[in-house]
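Spelled out from the first residue to the last, the chains are:
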Amino acid sequence: MSAVAAHGETIAAVSNYIFPNDLHVHWSLMIVLYPYITGLVAGAFIVSSLYHVFHIKALKPVAQFSLLFALAFLICATWPLLNHLGHPERAMSMMLTPNPTSAMAGFGYIYSAYFIVLLLEILFIFRPTIVHLGVKANGLMKAIYSVLAIGSDNLSRKALALDHKIIAFLAAIGIPMACVLHGYVGFIFGGIKANPLWATPLMPLIFLLSACVSGIAGIILTYILLMKLSGKQIDVDCVQTLVKFLWGFFILDFVFEMLEIFSHFYMATHHWHTLEALYSGPLFNTFWVAQVGIFSVIPFFILMALSLIRFKDGILLFFAPIVSFMILIQVLLMRWNVVVGGQLMSKSERGATTFHPMWLEKEGILVAIIIMVAPVIILWIIGKILPFWQTDEGTRTA
Amino acid sequence: MEDMKAIQNEIHNDRRGFLKKVLAGTIGGSLLMVYSASGQEIAEQIPGMREEDSVFTKKNFVFIVDITRCIGCGSCCVADKNEYNVPDGNYRTWVERYIIDDHDEVFVDSPNGGLDGYTKARTDIPHPVRDTFFVPKLCNMCEKPSCTQVCPVGATYKSEDGFVLVDAKRCVGCGYCIQACPYSVRFLHPVTRTASKCTWCYHRVRKGLLPACVSVCPVQARKFGDLNDKTSEVYKIMREPHIISVLKPGMGNEPQLHYLGLRREVV
């Protein structure tokens, strides 16, 4: 080793010294799930907006469903956070007495605002359906539909035209809000200068792009699965279009993820020496092998083939859900590698700790699975009230 | 069991007398505790703190660690653990041991945060040792603290007199401050489930007493005082041409914890 060492520069492997308070990883599975869930929400909303705002007609079959998908996951987005807090009973302090310089204090406001916009958009888009279903229903369901119709059963041409204007407006403001919701989640990490793996202005962008990617993949997977399960006809043109968008967003996402590492490598500040030790050590398998090798490079080429070559429908419908599932795993791995990976490095810059999630702890694997299954159950319940697909009975309106 | 029976008998025989004794003992004991804890018996350790016209917020406290003096005895860590009943595995302060061999390889360790003192030499150093020293660590009490910036509810805050403190009654236990601190001085207290860290013994300083670790250090490696007091030791040290630096100056946090004789190997 050179006799002249920069401030703090050492061979990490020699001393492997971790600050005594850095042994414990404070942000574990729950904080991995939080950006994952909000990412699915933001991405699904983008799919809906591609139809409602940008008039990508091919996406009509999933435009309604993706909003309900987003709602189901948004309902659960706070669960991992509340489970993580040492004092969840004080969570509302973040909204009532927020610290204006804290990125985290913005969450309550951004989340609530987005929730309201999403809910309003759903209610307006489904209003004709709700009115039709309300007429046929009785008992409890009738009461539910009358609440959801917000007291209006006016389906005149004039009323529907106004609805459409409101829907377009909500979808339009929903896009920047979805971007803020997830770009902001990226900033929660990107704004922490003490952590060289997190502290990059690219972090909000990477989080946002991976959100779009995971949302589109989630919609493709659930659309095809639900259609196959219910024996309905799959709209191949819709799947083809979704796959193209997935490929497009994934190109951007993957390129920026790689650019971020390459920039660190190229600039080679003293931060790179800790990052290098991390990527070649504790994160080698979860990052290079799993996230990049298996779940980025392989889906990248599958998506490219599906986008550029017109395969038979059967081949497209076979590979689309598989590649979507792989992308969903890729994004989950990315969350893991950022959230947990960033904490493995000790701020001593001389070593890394280890982290192995347990099954039965408060923030363990079992709770994580429950939190990920919950939105699916909520989606199923929503499906009992509002129809997922436009072609369903009672939804043929202007 | 025998004792219990004796006490029960006594209560049975003379309930009124027993209660009188208990009451007298309780009041007497409490008075003794209040009297001894009033601080009046301990001489003022920070000049001017107990004067009636002393304006606390006008003081500019700094902490100086002289790493050329530290002998790694661990007394400071023991005093700290006793003062705050710090749970095992968490550290408000700790002492690191640096060893540099003649190949310029640096070896750092801090077993149990140095709480047990460095009584045994390391045997795993491959080459002859060229230099060795100890570095005590504690809250850097930053002028621009990252922890207060990120705290979503303002539970961690900077007092008017420059101390970065945690209000355990407001802390939501999110751990964001722990992520943001460049010096890893914070931890989540396993009992209160709130963030915790070194306070430079704010409760002692307000009473004119030095921080616990400073008062027990046998070699004066830890120094604490008011920079506005031109007769203070810290003022003299900061004015004289010593090698003085702070940890991770590039972070821009402007710590009020200064290191005398800081070495470039220290992070």
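These lines cover the structure that appears in this document, whether it is placed above or below. (Residues numbered from 1 in each chain as written. Chains lettered and ligands numbered in written order. Predicted model: local features only at pLDDT ≥ 70, side-chain atom pairs only at ≥ 80, totals over all residues.)

1. Description of the interface of chain B and chain A
Each partner contributes to the interface: chain B provides 43 residues, whereas chain A provides 39 residues. Looking at side-chain class alone, the side of chain B that touches chain A contains 23 nonpolar, 12 polar and eight charged residues. (Contact = placed C-beta atoms within 7 Å. Nonpolar A, V, L, I, M, F, W, Y, C, P; charged D, E, K, R; others polar.)

2. Regarding the sheet that holds strand 3 (residues 106-109) of chain B
Residues and elements named next belong to chain B. As summarised here, the arrangement of the three strands in space is 3-2-4, forming an open sheet in which the pairing is antiparallel. Looking at strand neighbours, the two that pair on one side only are strand 3 and strand 4 (129-137), the edges of this open sheet. With strand direction ignored, the average angle separating the axes of adjacent strands in the sheet is 20°. (Pairing = 2+ DSSP bridges. Helix = DSSP H or I, 4+ residues; strand = E, 2+ residues; numbered from the N terminus. Axes fitted to C-alpha atoms, helices over the stretch in contact; angles between N-to-C directions.)

3. Let's talk about the nonpolar core
All names here are of chain A. Counting 178 residues, the largest nonpolar core has I216, I220 and L246 as its most contacted members. Broken down by element, this core gets its largest block of residues, 17 residues, from helix 2 (residues 29-52). Setting aside residues no more than four positions away along its own chain, I216 makes contact with G43, V47, L242, F245, L246 and F249. (Core = buried A, V, L, I, M, F, W, Y, C linked by C-beta atoms within 7 Å. Buried ≥ 20, exposed ≤ 12 C-beta atoms within 10 Å, placed from the backbone.)

4. What to know about the sheet that holds strand 10 (residues 244-245) of chain B
Residue and element names in this part refer to chain B. Pairing in this open sheet of four strands is mixed, and the strands run 9-1-11-10 from one edge to the other. Strands at the two margins of the open sheet, each flanked by one partner only, are strand 9 (222-226) and strand 10. In this sheet, strand 11 (residues 257-260) lies alongside strand 1 (residues 61-66) in parallel orientation, the contact comprising four bridges. Bridge pairing links I64 to H258 in strand 11.

5. Notes on unusual backbone geometry
Trans peptide bonds make up the majority, and among non-glycine residues the majority have a negative phi. Residues and elements named next belong to chain B. A positive phi is found at N85, a non-glycine position, where the angle reads about 50°. As for its placement among the helices and strands, N85 is situated in the loop between helix 3 (75-84) and strand 2 (94-101). The phi dihedral of R193 is positive, around 55°, even though this residue is not glycine. With respect to the element layout, R193 can be found in the loop between strand 7 (187-188) and strand 8 (195-196). Overall, R193 belongs to the partly exposed group, with 15 C-beta atoms counted inside 10 Å.

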